[in-house]
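If you want the building blocks of each chain, they are given just below.
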Amino acid sequence: MDYVKTAIPRQERLFYGADYNPDQWQACPDVLERDIELMKEAGVTSASVGIFSWTSLEPEEGIYEFAWLDRVMDRFAEAGMFVFLATPSGSKPMWLSEKYPEVRRVDKAGKREPSGWRHNHCLSSPVYREKARAINTRLAQRYQKHPALALWHVSNEYSGECHCQSCRAAFQAWLKERYGTLDALNEAWWSAFWNHTFTDWSQIQTNDLSMDGLQLDWLRFVNDQHVSFMREEMVPLRELTPDIPCTTNFMGTHEGTNYWQWAEHVDQIANDLYPLPDDRANTWQHAIRADFIHSLMRGMSGGKPWMLLECSPSSVNWGGINKLKRPGAHRQEVLQAVANGASTVHYFQWRKGRGGFEKYHGAVVDHDGSNRTRVFQDCAAIGAELASLRSLVQGDCPVAEVAMIYDWESRWALNTSCGPKELAGTGPFPSDLYTETCFDHYEALTRCGIAVDLLSTRSDFSGYKVLVLPALYLLSEELGERIRAFVQSGGQVVATCLTAYVESSNKCYLGGFPGASLRAVFGIWNEELDNLPADTRVEVRGAVEGSAKDVVERIHLDGAVSLAQAGSEFYAGEALITENDYGNGVASYLAARFEMPALLAFYRRLLEKASLCRSIDLDLPEGVVFRCRDSSEGRVGFLFNYSNQSREVEFGKLAMAAYLDPQTTYSGTIELAPYESRILRV
Amino acid sequence: MDYVKTAIPRQERLFYGADYNPDQWQACPDVLERDIELMKEAGVTSASVGIFSWTSLEPEEGIYEFAWLDRVMDRFAEAGMFVFLATPSGSKPMWLSEKYPEVRRVDKAGKREPSGWRHNHCLSSPVYREKARAINTRLAQRYQKHPALALWHVSNEYSGECHCQSCRAAFQAWLKERYGTLDALNEAWWSAFWNHTFTDWSQIQTNDLSMDGLQLDWLRFVNDQHVSFMREEMVPLRELTPDIPCTTNFMGTHEGTNYWQWAEHVDQIANDLYPLPDDRANTWQHAIRADFIHSLMRGMSGGKPWMLLECSPSSVNWGGINKLKRPGAHRQEVLQAVANGASTVHYFQWRKGRGGFEKYHGAVVDHDGSNRTRVFQDCAAIGAELASLRSLVQGDCPVAEVAMIYDWESRWALNTSCGPKELAGTGPFPSDLYTETCFDHYEALTRCGIAVDLLSTRSDFSGYKVLVLPALYLLSEELGERIRAFVQSGGQVVATCLTAYVESSNKCYLGGFPGASLRAVFGIWNEELDNLPADTRVEVRGAVEGSAKDVVERIHLDGAVSLAQAGSEFYAGEALITENDYGNGVASYLAARFEMPALLAFYRRLLEKASLCRSIDLDLPEGVVFRCRDSSEGRVGFLFNYSNQSREVEFGKLAMAAYLDPQTTYSGTIELAPYESRILRV
Amino acid sequence: MDYVKTAIPRQERLFYGADYNPDQWQACPDVLERDIELMKEAGVTSASVGIFSWTSLEPEEGIYEFAWLDRVMDRFAEAGMFVFLATPSGSKPMWLSEKYPEVRRVDKAGKREPSGWRHNHCLSSPVYREKARAINTRLAQRYQKHPALALWHVSNEYSGECHCQSCRAAFQAWLKERYGTLDALNEAWWSAFWNHTFTDWSQIQTNDLSMDGLQLDWLRFVNDQHVSFMREEMVPLRELTPDIPCTTNFMGTHEGTNYWQWAEHVDQIANDLYPLPDDRANTWQHAIRADFIHSLMRGMSGGKPWMLLECSPSSVNWGGINKLKRPGAHRQEVLQAVANGASTVHYFQWRKGRGGFEKYHGAVVDHDGSNRTRVFQDCAAIGAELASLRSLVQGDCPVAEVAMIYDWESRWALNTSCGPKELAGTGPFPSDLYTETCFDHYEALTRCGIAVDLLSTRSDFSGYKVLVLPALYLLSEELGERIRAFVQSGGQVVATCLTAYVESSNKCYLGGFPGASLRAVFGIWNEELDNLPADTRVEVRGAVEGSAKDVVERIHLDGAVSLAQAGSEFYAGEALITENDYGNGVASYLAARFEMPALLAFYRRLLEKASLCRSIDLDLPEGVVFRCRDSSEGRVGFLFNYSNQSREVEFGKLAMAAYLDPQTTYSGTIELAPYESRILRV
């Protein structure tokens, strides 16, 4: 699978801007002019407009009003700025949802939602699809030649599910397409369990927590319905404006959306990311998680630049306890995205609205309305800095030597399987046992200085030196064969506990885990899974030392050698980390969730054994990370102190010039303030 | 606004009694006689009768039975006791709610409730209003001349909300009345946000958590519907018994009911208060909160006596862990109400029922049925003591020099605005960030020995020396002007963080906080709000020292001087408490939630600077509070030890006689046992 | 009431087996043969078959398919194994629940459930009763002469409730039957409280949390409906197979099912028990709770052997954190049941299914499919051991000298009464304040080495030396009289706080607690109940020392003497444990929830005073328990170390032979490994 995206035609520098909602300010006509002025001061290049403006554009069914939008588009064009024009389907007009109740979702309990809120239209409703297509067509017709139009921002943060009878019928049809016969479906879902055998397609529910097969397919179906809706929205856009790329804003590790599938249908990869401000001791780990998500987007873009389409210039309003961003933190967030390949940094939002759910969400312009706020001044300084980084706009990040698979199907299958310990993510991004395991391994690799590319199960990983498979719980025989071939021909694979328990139907493999014919590759048999209370630690002894927690497998050597063994519990002495020479390669198995010291020891050993290159040849202190990206003027390095403490970096004999001030050279001992970021010529 | 109430015509001494439910005991005819006997023994003057007796009075639609009530009224009259006769609307008869399902409420999720429970009739149902009016008319007709009748107890603890289609239509009509046009409503609610613009009145929901304007108006509407229902209940009562005052029992700081509005329509202010028994170390702070609520009632009564219409003579049954009241605690609760102006102390309830939800709720007479219980003996002793305090019956509490505004609209607006930290109240009374802030400032003032009057935003505060505005989040331009004028002419105002963020529609002020033109008065600009995790403390340094927590604002001096500054966080050195000379007065701003030592330091300084008088010129130890009230025999002082420890009070050269024993004089060092209360001649 | 059961006709040794679901494996025809082979290897005698196989047996309404079951029955017979044949009503076929929606339950909120899940058919639906009876009839007809058929396993874990209109009508009819008139019902329910008087039967709801009388009757009704359903299922079975006993699997202390009533209608007592694997320090207390439940089953069987019909050979999948069983733990669980009189040990389940909610539930055969797993090997060893214990099959446990009443009606009444502290059970079995109190007293007695028989309120307890009544909250006058007579004639009774508060309607007794005329028997008056926060401890001083917590009563001596008094709180010095000589016996009252040291001290004193015999005359260390049971070869002793630590038992001069190795004799100091179990000849 090739995910490689092409550039935005009109983009000549890094885009910098925000969501902008002039439709909320129609009663204050001077605001638009003031905003244009402030945008210029802040170095803004572009804005996403119209995301929730359906009623402003179509106040009555079939009656359209574009005057206000015309004015915005024109003023942007005059100011030399671009508009990412949104289709407005993210929020249903009140007239529409009251006239056609069927466009409102039905929840799991069978209750139809009232009008209101957002991101909650029925995924299957023909009426809603028709109405969305109509307004999209009008927008494309009206602005197809407009010089401000640079991009289509299709809808907004698609998500959620609907359990109405129309969705139920669509699910049944989807299943018929997938399985052909009820016998096949019953076998796939193991539905004889608890007497759940279906004898007619119409009997199938959209929700039964006791049926893991049904649940997994429901998640797939919901994802497919979203993609289908998005694609239907794009039809008139692609037809009328073939040169304007279409995107939609993803939400990182949001559980319900398998973005690898979405990535195949958009022209640009775009993401929203809110690393909730927090300056406690472990915050730098949160920054590495943000890094993971940026890498995921880069993976979906095939290594090409991608768009950070929403982030907050300050705190959010919905985060529970909404702390202000500490000095340096905001610039660091922006530069971190750029270091990871972002072509664009946009905020939600330009100007705080006076009312509504998000009236206190961070914005460049506060209710105060002036340019004197800390936040505005910060944003303007960043705007100037990004303008000076123009050479990066089409620059890629170097291809890594290590690839990691991130797979929503494994996540869904694990989360719908009752038995293995459930883990609440530790934040600030959506996660669970599956995603936490990925985060752990990504963090360990990052702290070892090793860059990682994130791939899908359909990606070609044959060119990498090392392939890391954290908790790849659902693993098809076909992928198992590709992994086998990778190792056979000299690759190094690292798998963890919870690998290859189920096939694509969510049914367990028979004959001993890991399934998918991988037992020979890893040279082990995984007999049983011990789930542990939160405060239990299992000692790890051997070539790797430390501790394990949460989940530990009892594995048996069947060809592999043991690198580390349990030092406590009744399975003390049994292998916890194994290595198996297979073909020309090596397959490692980590049969537990390890704490960071053990993971770091494992990967430091791997770094050496596999002769991997570090991003920079320095030992960096905890919380300090180095990233690099190519530019038209050579490779650019970013040195980040993610921690809330000052850190000293020993450059030793290395010396690098400051990117924006080539006179300044870094060498010897460099002191980085909390949250400090430096840009270097590598 | 003038809230001043007149006295109950027939009252000649402090009323003492309880809710009484003889309708539950009709199968035991001797119980009424036994109760009259026990009431005499306990010093009872009066009882609230018939609160939940609709079915006993009207067993079938239109068929009335008054015989049992006749007997009760007659026996009370013979015994020289009064009846507060209730209208029975607090609980719907089963026959009524089954025959007319529309009188049952519909919950937020759209589900109509089953019959049962209580306090849950639809606020808008014409049927229920008609049936309630009919039974009220019969009651008034039958007992209008009865010598036992002293007061109408209209319904019971009105509260809650209904989301039926009838309430929805009423809400839409109420909004039409309020806003006139949909354009005005959409502007007020900022409904263009998330595309929530209404294009027809009929589209408006009763509930959308994403619309802060809608939610605030919904709370106003529900409150208005309750008041409207109450007033409709009173129509036949006022017509047939013009000399009998009407009241309804409030619930202190209950969130959904803006009692300032109710106070305008009742003849007597009456409250129910349950300071859950608890004798841990900080219980004395709970007692100060009870004091706050008593002062609130006194404020609603315009400084005149008010009624404590429900409290428990022992534990309640619904408090989670229902501890017994420790010795002294119950007498203290009763005297605390009297010290704060109560004309009446009534219990819920006289006699424990044998079954039902409250069968274990504290009562004067237990299931045991005798006079030998600790509780009965306690109550009888208090009955005798209250009889000896007859001189207090029309006595007011002295007018304070300090006023504080308590405002449900600010509370509602803050609670419906998403962003500022949400705070769970620490009990035992309903509270939240808004109310906790009020409690904090009231406690600090009380601990400094300063009496406080509680006012509404409509009250005239021009006569006070100091006006305290804790978290007055919703603040109209009109009130802002009155505050300005107050300071201009020499008043001292104290405001806190979260002042004047929004106007009456819940929309944020533009141009910088505090809004409502108060920036000049305070001489500051409040730039941004930092919300802090529970365990974070910000140091406070300067003329006031201590710490802040939960919410801290970053403010800028714009004329004001800084009294105290942050000593930690990135805003270390910035002002946290300011003072601004404005006109002839002074405006102080406390830009954080402070912990008690800092608040005490601030108010001790104010006490001196503003030359305020303490209620008694003594330094009282922690947990000891002094209150006074006028009587026909001069001023009476109450000295309370609210703490669970003995306390020593140094009277120094002061000497006061015991009120009920003028021979005894207190001077020198007085030792107060835990929960001890003493009554003095001042 | 006589609960004595007769033996299973075909049983000649201890049954050992599992739930078996060959219907899930019809696509893998070799699995049945492989299973028979593995069963033989594991020493299996029997299996429960067909529990959730309705659709496999009746794929369309009225169309039956028995071929697969014929094959299973025949193969079992050939292999000399038995089948416990299930009626399949535990899970509704999809075709049935979709065609007849009325068979699906309606929840408390009035919502009808979708198809799916299990154990959720409407208890009243005539359609479901008819369909269940039809399939049961077919099964009985087909297999009535089959040599494999040993037992009817009627349905599965009946539980839950339905609030549909049909159940509501059935509840109203049940009430009419119980009360005769509405006046009687209103009086019983004290429904004048909150105006809940019913004036027509049709007004009665199935759920009103404010009506304790209604709730208690609802629980009784639901229990009765289950029993009625079960009995209706049995009609064709008893008619067609009069010699095959019928049972259904109970769930220990499951709250909603008063198994004493069920016990009257089944031929064998059978239980499911899952003491979730956990090896923390207090696990041995969990094992004593399992012991309690085994004793309860023995009580329901009238002291005769009973069946452990489900337990897990390993972890479960639904326990939150599913730890593996530590070595020794599984054998101990099995032998514990046997020591307590089990005739049968069956697992859920034989073979793990590949999909569905329980795909990871422990099973003898794992997904691996082999005999090489730790679990299979464990099970096979136990199978061999049980075969060698053939002499136990009809052996009873010795009748104890101490009886304890466990009463669901008291539990329900306490849980539906609002006021006394609510207590979350500490696991691993369903419990609450009532059941925890029973567990506490059972643990104390067990730790003193005293065996206990568990009885119902209808059991004849006249032959016991001591009768323990923990928290017998609902206590009828009739039972009160039987208790009085027991003491009168020389018995010793021990009652605790919360005794005899309410009569059978859940109405409080008048005239002082304990009610039911027991004040004279105990010689006390219980005035009031103090509920305490979790961290409060009340000192206990006197002949028994220690502490009390959670609930403490203030009692007055009225003839009794005080054994121990409170040492703290305002009731310091008041009696907490009393003793009253009454007739020829003694009545003790424990007026609080005591911590274990105090309870142990109390029962050690009782052991001596009442001259009770210990099960074995040894002082056993903490966590070590001795049980015995009769066999055809004499009395057999079981010595269990329930703790996770090694323990030393001092046999002193005692010497006992190992049951299976009479050469080996235990004497002197015996060291028991963690979870070790030994079988001895006594």
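Only a predicted model underlies this, so the values are computations on that prediction, with no experimental measurement involved.

Asker: Would you take a moment to explain the overall build of chain A for this structure?
Answerer: Looking only at helices and strands, one finds 17 helices and 25 strands in chain A. Scaling as 2.2 N^0.38, a compact globule of 682 residues should have a C-alpha radius of gyration of about 26 Å, and chain A matches this with 26 Å. Taking the principal axes of the C-alpha coordinates as reference, chain A spans close to 75 × 75 × 40 Å. Counting every position in chain A, which comprises 682 residues, the buried fraction comes to 67%. Long-range contacts, defined here as pairs at least 24 residues apart, represent 73% of the contacts in chain A between residues at least 6 apart. When the accessible surface of chain A is summed, it comes to about 21300 Å², and 49% of that surface belongs to carbon and sulfur atoms. Seen as two clouds, the 67 positive and the 89 negative side-chain charges of chain A have centres 4 Å apart.

Asker: I tried to follow the relation of the copies chain C and chain A on my own but got confused; where do I start?
Answerer: One copy of the chain maps onto the second through a rotation about an axis and a displacement along it. If you rotate chain C by 120 degrees and push it 0.1 Å along the axis, it lands on chain A with an RMSD of 0.1 Å. Expressed as an axis order, the relation between the two copies is that of a three-fold axis. Residues of chain C ranked by C-alpha distance from the rotation axis are headed by K111 of chain C, positioned 5.6 Å from it.

Asker: Is there a simple way to think about unusual backbone geometry in this case?
Answerer: Glycine aside, the phi torsion of most residues is negative, and most peptide linkages are trans. Cis geometry is adopted by the peptide bond preceding P428 of chain A, which originates at G427 of chain A and carries an omega value of -5 degrees. Inspection of the secondary structure puts P428 of chain A in the loop between α13 (408–415) and α14 (433–447). Residue F513 of chain C is joined to P514 of chain C through a cis peptide bond whose omega torsion reads -10 degrees. Within the chain, H119 of chain A stands out as a residue other than glycine whose phi angle is a positive 50 degrees. Within the element layout of this structure, H119 of chain A appears in the loop between α4 (94–99) and α5 (126–143). Take H119 of chain A: its relative accessible area is 12%, and that puts it in the buried class.

Asker: Looking at this structure, how should I read the interface of chain B and chain C?
Answerer: A common way to express how large an interface is: the accessible area buried when the components associate. At the interface, 47 residues of chain B touch 49 residues of chain C. For the pair chain B and chain C, the summed buried area comes to about 4300 Å², and 57% of that belongs to carbon and sulfur atoms. On the chain B side of the interface with chain C, the three residues burying the most area are M94, R354 and Y360 of chain B, jointly 18% of the side's total. On inspection of chain B and its partner chain C, the count reaches 6 salt bridges. Across the salt bridge formed by R354 of chain B and E503 of chain C, the nearest N and O atoms sit 3.1 Å from each other.

Asker: Please explain the packing of helix α13 (residues 408–415) of chain C against helix α14 (residues 433–447) of chain C as it appears in this structure.
Answerer: The relative placement of two packed helices is expressed as an angle between their axes plus a distance between the axes. Residues and elements named next belong to chain C. One way to put it is that α13 packs onto α14 with a least axis distance of 8 Å and a crossing angle of 135 degrees. Classified by the interaxial angle, the pair formed by α13 and α14 is oblique. Of the residues in α14, those touching α13 at S410, R411 and L414 are L433, Y434 and T435. Tallied by class, the residues present in the contact of α13 with α14 amount to 3 nonpolar, 2 polar and 1 charged.

Asker: Where do I start with the sheet that holds strand β23 (residues 647–658) of chain B in this structure?
Answerer: The pairing of strands in a sheet comes from backbone hydrogen bonds and takes either a parallel or an antiparallel form. Residues and elements named next belong to chain B. Ordered in space as β21-β22-β25-β23-β24, the 5 strands form an open sheet in which the pairing is antiparallel. Here the strands that pair on one side only, and so sit at the sheet edges, are β21 (624–631) and β24 (661–672). Between one strand axis and the next, the sheet turns by 25 degrees as a mean value, whatever way the strands run. As judged from the 2 bridges shared by β23 and strand β25 (residues 677–681), these two strands associate in the antiparallel manner. Paired with A658 across the bridge in β25 is L680.

Conventions we followed
Residues numbered from 1 in each chain as written. Chains lettered and ligands numbered in written order. Predicted model: local features only at pLDDT ≥ 70, side-chain atom pairs only at ≥ 80, totals over all residues. Heavy atoms only, no water. Helix = DSSP H or I, 4+ residues; strand = E, 2+ residues; numbered from the N terminus. Rg over C-alpha atoms; globule rule 2.2 N^0.38 Å. Buried < 20%, exposed > 50% of the residue type's maximum accessible area, 1.4 Å probe, protein only. Contact = heavy atoms within 4.5 Å. Areas by Shrake-Rupley, 256 points an atom, 1.4 Å probe, with all protein chains shown as cover. Lys, Arg positive; Asp, Glu negative; His and termini not counted. Charge placed at Lys NZ, Arg CZ, Asp CG, Glu CD. Least-squares fit on C-alpha atoms with pLDDT ≥ 70 in both. Buried area = accessible area lost by both parts, 1.4 Å probe. Salt bridge = Lys/Arg side-chain N within 4 Å of Asp/Glu carboxyl O. Axes fitted to C-alpha atoms, helices over the stretch in contact; angles between N-to-C directions. Parallel < 35°, antiparallel > 145°, perpendicular 65-115°, else oblique. Nonpolar A, V, L, I, M, F, W, Y, C, P; charged D, E, K, R; others polar. Pairing = 2+ DSSP bridges.

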